[in-house]
Amino acid sequence: MIHLERVHKAFGEKEILRNISFSVPEGEVVGLLGPNGAGKTTLIRLMNGVITPDSGSVRVFDLDPASEGSDIRRRCGVVTESAGLYPDMSAKENLEFFAKLYDCEDPARIAALLERFQLAEHGDKLVGAYSTGMKKRLAIAKAMLHEPELLFLDEPTNGLDPEGIRDMIGFLKQLNKEQGTTILICSHVLYQLEEVCSTYLFLEQGLIIEQGALPALEEKYANTVRLEVETGYMTEGNTAAGYPFERISADRLLFSLPSKRDIPALLRHLLQHSWVYSSTILSRDLESLYFEVRRRFHES
């Protein structure tokens, strides 16, 4: 569905994207990760035909955004950090206006979207009086008006409270599962992406420095497993079954293991001597892998 090959983009003398190549198959949910200034928003603008690359090839739906951007945008939904809404219009008026632009006027769908994003009782309220979270929810509703095949989301949970974040992630998972919508998400809140993304692209200094699904990234970058165990195990030393640990509280131990395959043997040993309430792998979450990928890139 998306294919970029050797894409380069600069603004003046400042290089923003350098030799970018990647593909996104239909139906995938992809997390685009990177610090501010890495080029994430520029990538989204290129794929929507808002700007053109200096060199390289960009294809979306096998169309060229530079010359067929209007056709691509008719099939895409885009949510950026600036919501792109009219503050002097109500939520309902905003959706009616954009529905006309998308040629998908349907009062029932507008009502359903306002209800889905918990804005029905605020539909006649001016958007300029909305909170940040309400504007974000309305921006998502706007992006969904024409039932897009592809969604570009730039920080979709910014400004949402914990319940709103949970609802948003749940909506995206449901949308992908039930309608097969392909989704590309930029976010700094990495733990949220673990719940919804199938694969990840790591962008740093305008380069794709790594890409792949979480299991493959774990195998490559999580060389040591850090395992926190809640247990009553007591010993005078700082090893258990030959594995080193540090005691971080009276009943919590932090182990360093060579591999996930060592976890069952360790837990069996602990259970022979005491109780075990919980065990949690700390080093294989997306955030840990993200910083390890970046660390190795800067050291190379």
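Residues numbered from 1 in each chain as written. Predicted model: local features only at pLDDT ≥ 70, side-chain atom pairs only at ≥ 80, totals over all residues. Heavy atoms only, no water.

Engineer: Looking at this structure, how should I read the sheet that holds strand β1 (residues 2–11)?
Structural biologist: Strands pair in a sheet through their backbones, by hydrogen bonds, and they do so in one of two ways: parallel or antiparallel. Strands sit in the order β2-β1-β4 across an open sheet of 3 strands; the sheet is antiparallel. In this open sheet, the two strands that pair with only one neighbour each are β2 (14–24) and β4 (55–60). Between one strand axis and the next, the sheet turns through 25 degrees on average, direction left out of account. Note: β1 against β2, 7 bridges, orientation antiparallel. (Pairing = 2+ DSSP bridges. Helix = DSSP H or I, 4+ residues; strand = E, 2+ residues; numbered from the N terminus. Axes fitted to C-alpha atoms, helices over the stretch in contact; angles between N-to-C directions.)

Engineer: What am I meant to see in empty space enclosed by the protein here?
Structural biologist: One simple way to see leftover space: roll a probe sized like a water molecule over the atoms. Counting across every chain of the model gives 2 cavities of 30 Å³ or more. What the largest cavity holds in volume is close to 80 Å³. The wall of the largest cavity is formed by Arg-116, Phe-117, Gln-118, Arg-137, Gly-164, Asp-167 and Met-168. With 3 residues, the top contributor of residues to the lining of the largest cavity is helix α6 (residues 162–179). The residue makeup of the lining of the largest cavity, split by class, is 2 nonpolar, 2 polar and 3 charged. Empty space within the second largest cavity amounts to approximately 30 Å³. Lining the second largest cavity are Pro-156, Thr-157, Ile-169, Leu-172, Ile-185, Ser-187, Gln-192 and Leu-193. For the lining of the second largest cavity, the secondary-structure elements that each account for two or more residues are α6 and α7 (190–194). Broken down by class, the residue content of the lining of the second largest cavity amounts to 5 nonpolar, 3 polar and no charged. (1 Å grid on protein atoms, 1.4 Å probe; cavity = no way out; pocket = protein on both sides within 12 Å on 5 of 7 lines; lining within 4 Å. Points joined across faces, edges and corners; volume = space filled by probe spheres on them. Nonpolar A, V, L, I, M, F, W, Y, C, P; charged D, E, K, R; others polar.)

Engineer: How should the packing of aromatic side chains be read in this particular structure?
Structural biologist: Given two aromatic rings, one states the distance between the centres and the angle between the planes to describe the pair. Scanning the model with the defined rule gives 8 aromatic pairs in all. An angle of 25 degrees between the planes, with centres 5.9 Å apart, marks the rings of Tyr-86 and Phe-98 as stacked. On the criterion of sequence distance, the pair formed by Tyr-86 in the loop between β5 (76–79) and α3 (91–102) and Phe-98 in helix α3 is long-range, its members being 12 residues apart. Overall, the relative accessible area of 41% leaves Tyr-86 in the partly exposed class. Taking the relative accessible area as the measure of exposure, Phe-98 reaches 9% and is therefore buried. Where Phe-97 meets Phe-98, the ring centres are 5.2 Å apart and the plane angle is 80 degrees; that geometry is what we call edge-to-face. Classification of Phe-97 as partly exposed rests on a relative accessible area of 32%. Over the aromatic face of Phe-61 sits the side chain of Arg-75, whose NZ or CZ is 3.9 Å from the ring centroid. Above the plane of the ring of Phe-98 lies Lys-142, whose end atom (NZ or CZ) is 4.5 Å from the centre. (Phe/Tyr/Trp six-rings, centres within 6.5 Å; stacked < 30°, edge-to-face > 60°. Buried < 20%, exposed > 50% of the residue type's maximum accessible area, 1.4 Å probe, protein only. Lys NZ or Arg CZ within 6 Å of the ring centre and 35° of its normal.)

Engineer: Help me understand the layout of surface pockets, please; the structure alone is not making it clear to me.
Structural biologist: Each pocket or cavity is described by its volume, and for the second largest pocket that value is around 170 Å³. Arg-109, Ala-112, Leu-113, Arg-116, Met-144, Glu-147, Phe-171, Gln-174, Leu-175, Glu-178 and Gln-179 are the residues that line the second largest pocket. When residues in the lining of the second largest pocket are grouped by element, the largest group, 5 residues, is from α6. Of the residues belonging to the lining of the second largest pocket, the class tally is 5 nonpolar, 2 polar and 4 charged.

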